[in-house]
Amino acid sequence: MNPKTLQTSNQSSQTTQTLDAVLWSAQENTLPPEVMAYLAGADVELDQALFLYDIQGTLAHLKGLAAIELISAADLSQFEAALAQLQQAFIKQEFVLDSRFEDGHSAIEFCLTEQLGELGKKAHTGRSRNDQVLTCLRLFMKDQMGGLKGEVVAVIDTLLNLAKDHTDTLMPGYTHLQRAMPTTVAVWLLGFAEGLLDDLQQLNALGELLDASPLGTAAGFGVPLPLARELTAAAMGLSRVQVNPVAAQNSRGKYELMVLHQLSYLMSDVRRFSWDLSLFMTQEFNFIGLKNTHTTGSSIMPNKNNPDVVEIMRASQAVVDGAAAQVHALLSLPSGYQRDLQLSKEPLIKGLKATRDTFVLLPGLLEALVFNTDIMQAAITPAMMATDQALAQVQQGQSFRDAYLASKDGQTPITPEQSIQARVSLGGAANLGLEILEERLEGLTQ
Ligand code: ARG
């Protein structure tokens, strides 16, 4: 196709017919522009995120058609060249997906027909936009989750390394936001690392679920053609076929919801961490500072250094949860394709963006933390060693309850350092189990 021709025909968006409607509508298009626009919604914008995956799915579909000899090997070569060209034109922004098209799917068909003439019209043989959209969303989600996994691993790595530098950095531990016992920065940081390892395990399970091809289920009933479904799945790098066509259609939105729920778990760890940070960064605590790469000033108060990044991270969970709520609400549907499902695209893309943007920034944020070790240590009061005192007496033969009562006054010769050194059971400050966490990370990233 000639991308230039396509761009200059931009004015046609003003007419009552989009290019794709002209292409595939059997009857004259009678839809008024406001109805067309209402139906298309934000599709052409959102489909920009999906376009390359749609090209990939189209290529696999055509390989399948060649395998069952509905197109010849020479036809396939022509399609391959045209799709490669469209892909390049899209990447270089010479081809722009805009309101001339109803959506990315019909844009691909339009471009193939413009480029290849009669042959282009064969591209949609045995395919519906329903399995086309399912397929490109599947590839998109799989890729996004793969990228996110790498970003989560980078955050876990950073937490593990930071923890190694702070195995002896004392800090007060809180329950009910009341001083409880001494702990270390390493214990605090590893808490988040292990939480993210749980998320990583779930991400792997979700990755396996997403690794299935809906291509070939067409409108939700299969087609009277011997489509090579395993072949097309393999051509897209998917390890299995989503067998039943109704199951495939019904997974639209459901898989998106699973992704968004997974993002919510990840972001809930981030939210808790952000909360701790914003508390520890108050002048009242002053345990942790942030280098000026990650703080902002106030437009009125010259004295301010605000942790806005931490706050946007905390708030991003709301974006993800809002997106999940939207998808969940619109899934109140009978089985099969319904146009309602189109509205699951925006929240999916938005939730993924909010999460990935956050995880990309987290390693840098962690490296910008400054631990005010003296202030943290000074906040550990003698009363916080009362439990140590009671347990020391238990080791000398006293019952725990008597020792507990005797230690209530908080008078103890035990120092915070001694308290920390005695936390020898697995996971405690003197026995962090770092190697166990590292091994688990290795196992989850193989
Ligand atoms: N934009 C549509 C969506 O996201 C594409 C599928 C259209 N299918 C149809 N039968 N109208 O759902």
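In short, a report on the structure. The structure displayed is predicted, hence computed values, not measured ones. (Residues numbered from 1 in each chain as written. Predicted model: local features only at pLDDT ≥ 70, side-chain atom pairs only at ≥ 80, totals over all residues. Heavy atoms only, no water.)

**Concerning helix α15 (residues 386–395)**
Working step 1: Those residues of α15 not exposed but buried are A386, D388, Q389, A390 and Q393.
Working step 2: Looking at the buried side of α15, the elements it contacts are α16 (400–406) and α17 (416–421).
Working step 3: Two residues or fewer after α15 comes G397, characterised by a positive phi angle close to 105°. (Buried < 20%, exposed > 50% of the residue type's maximum accessible area, 1.4 Å probe, protein only. Helix = DSSP H or I, 4+ residues; strand = E, 2+ residues; numbered from the N terminus. Contact = heavy atoms within 4.5 Å.)

**Things to note about a nonpolar patch on the surface**
Working step 1: Taken together, the side chains of L391, F400, Y404 and L405 define a hydrophobic patch exposed on the protein surface, amounting to about 370 Å² of accessible area.
Working step 2: Sort the elements by how many residues they give to the nonpolar patch and α16 lands first, with three residues.
Working step 3: With respect to the helices and strands, F400 occurs in helix α16. (Patch = residues over 30% accessible without salt bridge, like charges linked within 9 Å, V, L, I, M, F, W, Y side chains within 5 Å. Areas by Shrake-Rupley, 256 points an atom, 1.4 Å probe, with all protein chains shown as cover. Salt bridge = Lys/Arg side-chain N within 4 Å of Asp/Glu carboxyl O.)

**Quick word on the site of the ligand**
Working step 1: Every residue lining the ligand is accounted for by D43, D103, H105, R129, N130, V133, R252, Y337, R339, Q342 and K345.
Working step 2: A distance of 2.9 Å is found between an oxygen atom of the ligand and a side-chain nitrogen or oxygen belonging to R252.
Working step 3: One nitrogen or oxygen atom from the side chain of K345 is found 3.4 Å from an oxygen atom belonging to the ligand.
Working step 4: Relative to its unbound accessible surface of 350 Å², the ligand loses 87% to contact with the protein.
Working step 5: Counting residues per element, the shell around the ligand draws most heavily on helix α7 (residues 129–165), at three residues.
Working step 6: Looking at the shell around the ligand residue by residue, the classes come out as two nonpolar, three polar and six charged. (Near = heavy atom within 4 Å. Polar contact = N/O pair within 3.5 Å; in protein donor to acceptor, adjacent residues only side chain to side chain. Nonpolar A, V, L, I, M, F, W, Y, C, P; charged D, E, K, R; others polar.)

**Considering the packing of helix α8 (residues 185–210) against helix α18 (residues 434–445)**
Working step 1: Where α8 meets α18, the closest approach of the two axes is 10 Å, and the angle between their N-to-C directions is 20°. Classified by the angle their axes make, α8 and α18 are roughly parallel. For α8 against α18, the interelement crossing comes out left-handed. On α18, the residues that touch L190, E194, L197, D198, L200, Q201 and N204 of α8 are L434, L437, R440, L441, L444 and T445.
Working step 2: For the contact of α8 with α18, the per-class residue count stands at seven nonpolar, three polar and three charged. (Axes fitted to C-alpha atoms, helices over the stretch in contact; angles between N-to-C directions. Parallel < 35°, antiparallel > 145°, perpendicular 65-115°, else oblique. Left-handed = near helix turned anticlockwise from the far one by under 90°.)

**Comments concerning unusual backbone geometry**
Working step 1: Backbone geometry at L177 places phi at a positive 60°, although glycine is not the residue there.
Working step 2: Within the fold, L177 resides in the loop between β1 (170–175) and β2 (178–184).

**A few points about the packing of aromatic side chains**
Working step 1: Counted under the stated rule, the structure contains 15 aromatic pairs.
Working step 2: Taking the centre distance of 5.8 Å and the plane angle of 65° together, the rings of F101 and F110 count as edge-to-face.
Working step 3: Between the aromatic rings of F280 and F285, the centroid separation amounts to 5.6 Å while the plane-to-plane angle is 55°, which identifies the pairing as tilted.
Working step 4: Relative accessible area serves as the criterion here: at 6%, F280 is assigned to the buried category.
Working step 5: Just above the ring of Y404 sits the side chain of R401; from NZ or CZ to the centre is 4.7 Å. (Phe/Tyr/Trp six-rings, centres within 6.5 Å; stacked < 30°, edge-to-face > 60°. Lys NZ or Arg CZ within 6 Å of the ring centre and 35° of its normal.)

**Section: the pattern of salt bridges**
Working step 1: Tallied over the entire structure, the rule returns twelve salt bridges.
Working step 2: Bridged by salt links that share partners, the residues E102, D103, R129 and R339 form one connected network.

**Details of the pairing of β1**
Working step 1: As judged from the six bridges shared by β1 and β2, these two strands associate in the antiparallel manner. Following the sheet pairing, Y174 is matched in β2 by R179.
Working step 2: Between β1 and β2, which pair antiparallel and follow one another directly, the connecting turn spans two residues, one of which, H176, has a positive phi of 55°. (Pairing = 2+ DSSP bridges.)

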